[in-house]
Amino acid sequence: MRYISSLWKVSLIGLIVFGCGRSTNSAKEDVSAEVKETETPLKVDTFPILTEHKLELTKQYSEINYGTASYELDSIKMIVVHFTVIPTLHQTLDLFSKDSLHSNRKYIKNFSALNVGIHYVVDRDGRIYHLMPDSVMARHIIGFNHLSLGIENIARDASDLTAQQLASNAVLIHFLKQRYPEMEYLIGHDEYNQTDLPHYQLFKSLDPDYQPYDKPDPGPAFMKDLRQLLKSQYELEF
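Everything numeric here is computed off the predicted structure, so don't read it as measured data.

**Quick look at the pattern of salt bridges**
Consideration 1: By the definition in use, this model includes 7 salt bridges.
Consideration 2: Where aspartate 160 meets arginine 124, a salt bridge forms, and the shortest distance between an N and an O atom there is 3.0 Å. Separated by 36 residues along the polypeptide, aspartate 160 in the loop between strand 6 (148–153) and helix 6 (163–179) and arginine 124 in the loop between strand 4 (120–122) and strand 5 (128–130) bring together distant segments of the chain.
Consideration 3: Taking relative accessible area as the criterion, arginine 124 reaches 32% and is therefore assigned partly exposed.
Consideration 4: We note a salt bridge from arginine 227 to glutamate 191, for which the minimum N-O separation is 2.9 Å. Separated by 36 residues along the polypeptide, arginine 227 in helix 7 (residues 220–234) and glutamate 191 in the loop between strand 7 (185–188) and helix 7 bring together distant segments of the chain.
Consideration 5: Given the relative accessible area of 11%, glutamate 191 is considered buried.
Consideration 6: By sharing partners, the salt bridges in this structure join Arg124, Arg156 and Asp160 into a single network.

Right, here's the structure in full:
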């Protein structure tokens, strides 16, 4: 577990962590490092979900789908916004904490046993949870996992998303853009399979049978409001 803890070092510099039962001492010490001059500190809670087994499954997944036997996410070009369909934070964290997929994920389980994962979760009250280091690939979107960070919002459907979540998504994306200026694209999960959008040039799936399918989250209204908020508050356009 020492090596897994070290993966958080780069990811957590610049974040301010507040109370979380699963945060390790090493993670808390890591956030005491100096914040980059260009960054505004971000308040998050940590809920680490990595295990050695999950890292090994991620490495295998990456080799099969992207041709690189590595779990490292070293080129961040995109942020993808989702909603969970799962109604509570507790249920969401329980799902993501598992290493392997649930048996009901029949389609994607054909291509890897690796569980779905995410870097950030935003609860309905706007509180942000950091589950995986930004430096580790998460399985959250077919064809783009090798270069994207993922944000999940706790909501049953698009009508369940809150104003607090919208504000926290904007704050988080602004922080991540400061940290990763090479990041070019912001998309909703519902937009990922739109071949006419600029981000699609980055799509990669070495298995021709493993193809995207339609997703509803988080929906056009939320993404429109999010882009407008990012433009008006942070002068960011995506």
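**Quick look at the pairing of strand 6**
Consideration 1: Buried residues dominate strand 6, accounting for 6 of its 6 residues.
Consideration 2: The side-chain alternation of strand 6 yields two buried faces, one formed by Ser148, Gly150 and Glu152 and the other by Leu149, Ile151 and Asn153.
Consideration 3: Of the strand pairs in this sheet, strand 3 (residues 78–83) and strand 6 are connected by 6 bridges, and their pairing is parallel. Along strand 6, the bridge assignment pairs valine 80 with glycine 150.
Consideration 4: As judged from the 3 bridges shared by strand 4 and strand 6, these two strands associate in the parallel manner. Paired with valine 122 across the two strands is asparagine 153, which belongs to strand 6.

**Re the packing of helix 6 against helix 7**
A pair of packed helices is characterised by two quantities: the angle between their axes and the separation of those axes.
Consideration 1: Here helix 6 crosses helix 7 at 55 degrees, and the two axes come no closer than 10 Å. Regarding the angle of helix 6 to helix 7, the classification is oblique. For helix 6 against helix 7, the interelement crossing comes out right-handed. Contacts between helix 6 and helix 7 involve Gln165, Leu166, Ala167, Asn169, Ala170, Val171, Ile173 and His174 from the first element and Phe222, Asp225, Leu226, Leu229, Leu230 and Tyr234 from the second.
Consideration 2: Per-class residue counts for the contact of helix 6 with helix 7 are 10 nonpolar, 3 polar and 1 charged.

**Quick look at the environment of glutamate 191**
Consideration 1: Note: C-alpha distance between glutamate 191 and proline 220 (29 residues apart in sequence) is 8.7 Å.
Consideration 2: If we skip the residues at most four places from it in the chain, glutamate 191 touches Leu186, Leu197, His199, Met223 and Arg227.
Consideration 3: Looking at glutamate 191, its side chain comes within polar contact range of the main-chain nitrogen of glycine 188, at 2.7 Å.

**A word on the environment of threonine 40**
Consideration 1: Looking at the secondary structure, you find threonine 40 in the loop between helix 2 (25–30) and strand 2 (42–46).
Consideration 2: For the pair threonine 40 and histidine 174, spaced 134 residues apart in the sequence, the C-alpha separation amounts to 9.0 Å.
Consideration 3: Not counting residues within four places of it along the chain, the set of residues in contact with threonine 40 comprises His174, Phe175 and Gln178.

Calculation rules
Residues numbered from 1 in each chain as written. Predicted model: local features only at pLDDT ≥ 70, side-chain atom pairs only at ≥ 80, totals over all residues. Heavy atoms only, no water. Salt bridge = Lys/Arg side-chain N within 4 Å of Asp/Glu carboxyl O. Helix = DSSP H or I, 4+ residues; strand = E, 2+ residues; numbered from the N terminus. Buried < 20%, exposed > 50% of the residue type's maximum accessible area, 1.4 Å probe, protein only. Pairing = 2+ DSSP bridges. Axes fitted to C-alpha atoms, helices over the stretch in contact; angles between N-to-C directions. Parallel < 35°, antiparallel > 145°, perpendicular 65-115°, else oblique. Left-handed = near helix turned anticlockwise from the far one by under 90°. Contact = heavy atoms within 4.5 Å. Nonpolar A, V, L, I, M, F, W, Y, C, P; charged D, E, K, R; others polar. Polar contact = N/O pair within 3.5 Å; in protein donor to acceptor, adjacent residues only side chain to side chain.

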